Amino acid sequence: MATGVGTAFGTFGELLQGVLPEEDGDFLVTLPVARWSMATYRQESDSGELEVWPPRKTKALRLARMIVDLAPRGVRSARGGTLTVSSVIPEGKGLASSSADLVATARAVGRALGVPMPPVRIERLLSRIEPTDGVLYPAIVAFHHRSVRLRAVLGSLPAMAVVGVDEGGSVDTVDFNRIPKPFTGADRHAYAALLARLTDAVRARDLAEVGRVATRSALMNQSLRHKRLLEPMRAICGEVGGLGVAVGHSGTTLGVLLDATDPAYTRRVTAASQACAELAGAVSVYRTLSFRGASRAAVTAGEGVP
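Residues numbered from 1 in each chain as written. Predicted model: local features only at pLDDT ≥ 70, side-chain atom pairs only at ≥ 80, totals over all residues. Heavy atoms only, no water.

## Observations concerning the overall build of the chain
Phase 1 of the analysis: Of the regular secondary structure elements, the chain holds 10 helices and 10 strands.
Phase 2 of the analysis: On C-alpha atoms alone, the chain measures out to a radius of gyration of 20 Å, which is about the 19 Å that the 2.2 N^0.38 rule sets for 306 residues.
Phase 3 of the analysis: Residues classed as buried in the chain amount to 55% of the 306 residues present.
Phase 4 of the analysis: Taking all contacts inside the chain whose residues are at least 6 apart in sequence as the whole, residues at least 24 apart take part in 75%.
Phase 5 of the analysis: Side chains of the chain carry 36 positive and 29 negative charges; the gap between the two charge centres is 3 Å. (Helix = DSSP H or I, 4+ residues; strand = E, 2+ residues; numbered from the N terminus. Rg over C-alpha atoms; globule rule 2.2 N^0.38 Å. Buried < 20%, exposed > 50% of the residue type's maximum accessible area, 1.4 Å probe, protein only. Contact = heavy atoms within 4.5 Å. Lys, Arg positive; Asp, Glu negative; His and termini not counted. Charge placed at Lys NZ, Arg CZ, Asp CG, Glu CD.)

So this is what it looks like as structure tokens:
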């Protein structure tokens, strides 16, 4: 009985998300964090059914069936199997939980059945299911989430922490991406300028500039999905000496970005956590993933991916 395991990280919203002045211009820039989805696939040759647990993970089940159809004929003839998906990423909050589930599923089923799953193949499969975040690449990337394709590998950054709050409720990513974007031509050019600034900032490992771009993106997103806590979170960021505010553009989360290498980090994260708790109740602290040493070639080939 063949078994495969796959994992994928989530994100804390996005550093930047908007629309560029070009066809298929919807894009985002990922903010990978150390929260994970894990999938395990066990092939069971004596069963004719492919099942998923928990049963609500219907998108993962659909993806597993697509990969089974790609398997070699001898493997494909034993179509039964059990897919188990577990995750510590909150759902419906803009933290890429669904994307992480699907990427982990692709890796698990592919490993069990001997079907290679490089990022470009995963992209093609996921494009048939839903808009997807760029969590299949071990780096900060610019990603066209609606058409599910990589735009550019930006690189890595020094470790940061995100002190996050949740405004409540949940958002369906598919429904959200059907909403017409109210952005003007000027807005589209502004997003192109922000992407250029963020690309340079990641290359220079300039966390202050990263924070400024993230905050600007959060403000521009207010016309699309308003965050009532954005201004209070910006105030907290200023009070504790944070880098900026990141949000789940299609979700319900907001967070203060902090430099985890700052000598004053402990004081800042404590102050931010206390202030956020007074503002919104429950607070979560996320650590970003740095991916040091990952070359662009290795990232796009899928090397070093869990």
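Right, picking up where we left off after that structure.
## Quick look at the pairing of strand β5 (residues 140–144)
Phase 1 of the analysis: The buried fraction of β5 is high, at five of five residues.
Phase 2 of the analysis: Neither face of β5 is exposed, since Ile-140, Ala-142 and His-144 on one face and Val-141 and Phe-143 on the opposite face are all buried.
Phase 3 of the analysis: The pairing of strand β2 (residues 26–43) with β5 spans two bridges and is classified as antiparallel. Bridge assignment links Val-29 to a residue of β5, and that residue is Ala-142.
Phase 4 of the analysis: Of the pairings in the sheet, the one linking β5 to strand β6 (residues 149–155) comprises five bridges and is antiparallel in character. In the strand pairing of β6, Phe-143 is matched with Leu-150.
Phase 5 of the analysis: Two successive antiparallel strands, β5 and β6, enclose a turn made up of four residues, where Val-148 displays a positive phi of approximately 60°. (Pairing = 2+ DSSP bridges.)

## Points about the side chain of Ser-156
Phase 1 of the analysis: Relative to the assigned elements, Ser-156 resides in the loop between β6 and β7 (160–166).
Phase 2 of the analysis: Residue Ser-156 is classed as buried on the basis of its relative accessible area of 14%.

## Description of the pattern of salt bridges
Phase 1 of the analysis: One pass over the structure, following the stated rule, counts 14 salt bridges.
Phase 2 of the analysis: Two residues, Asp-26 and Lys-181, come together in a salt bridge whose shortest N-O distance is 3.4 Å. Here Asp-26, found in strand β2, pairs with Lys-181, found in the loop between α5 (173–178) and α6 (185–204); they are 155 residues apart in sequence, far enough to count as distant.
Phase 3 of the analysis: A relative accessible area of 10% means that Asp-26 is categorised as buried.
Phase 4 of the analysis: For Arg-268, the salt bridge is made with Asp-262, and the minimal N-O distance between the two is 2.8 Å.
Phase 5 of the analysis: One network of salt bridges, with partners in common, ties together Arg-56, Lys-57, Glu-91 and Asp-101. (Salt bridge = Lys/Arg side-chain N within 4 Å of Asp/Glu carboxyl O.)

## With respect to the layout of surface pockets
Phase 1 of the analysis: Taken as a whole, the largest pocket encloses approximately 580 Å³ of empty space.
Phase 2 of the analysis: Every residue lining the largest pocket is counted, 30 residues in all, and those nearest its centre are Lys-59, Ser-97, Ser-98, Glu-130 and Thr-173.
Phase 3 of the analysis: Looking at the lining of the largest pocket, the elements that each hand over two or more residues are β1 (3–19), α1 (58–68), α3 (97–113) and α5.
Phase 4 of the analysis: Within the lining of the largest pocket, the residues separate by chemical class into eight nonpolar, 12 polar and 10 charged. (1 Å grid on protein atoms, 1.4 Å probe; cavity = no way out; pocket = protein on both sides within 12 Å on 5 of 7 lines; lining within 4 Å. Points joined across faces, edges and corners; volume = space filled by probe spheres on them. Nonpolar A, V, L, I, M, F, W, Y, C, P; charged D, E, K, R; others polar.)

## So, the packing of aromatic side chains
Phase 1 of the analysis: Going through the model one piece at a time under the given rule, you end up with six aromatic pairs.
Phase 2 of the analysis: Here Phe-9 and Trp-36 contribute two aromatic rings whose centre-to-centre distance is 6.2 Å and whose plane-to-plane angle is 85°, an arrangement assigned as edge-to-face. Placement of Phe-9 in strand β1 and of Trp-36 in strand β2 is noted, with a sequence separation of 27 residues between them.
Phase 3 of the analysis: Exposure remark for Phe-9: the relative accessible area of 4% places this residue in the buried category.
Phase 4 of the analysis: By the ring-pair criterion, three or more aromatic residues cluster together here, those being Phe-9, Trp-36 and Phe-291.
Phase 5 of the analysis: Positioned above the aromatic ring of Tyr-286, the side-chain terminus of Arg-35 is 4.2 Å from the ring centre. (Phe/Tyr/Trp six-rings, centres within 6.5 Å; stacked < 30°, edge-to-face > 60°. Lys NZ or Arg CZ within 6 Å of the ring centre and 35° of its normal.)

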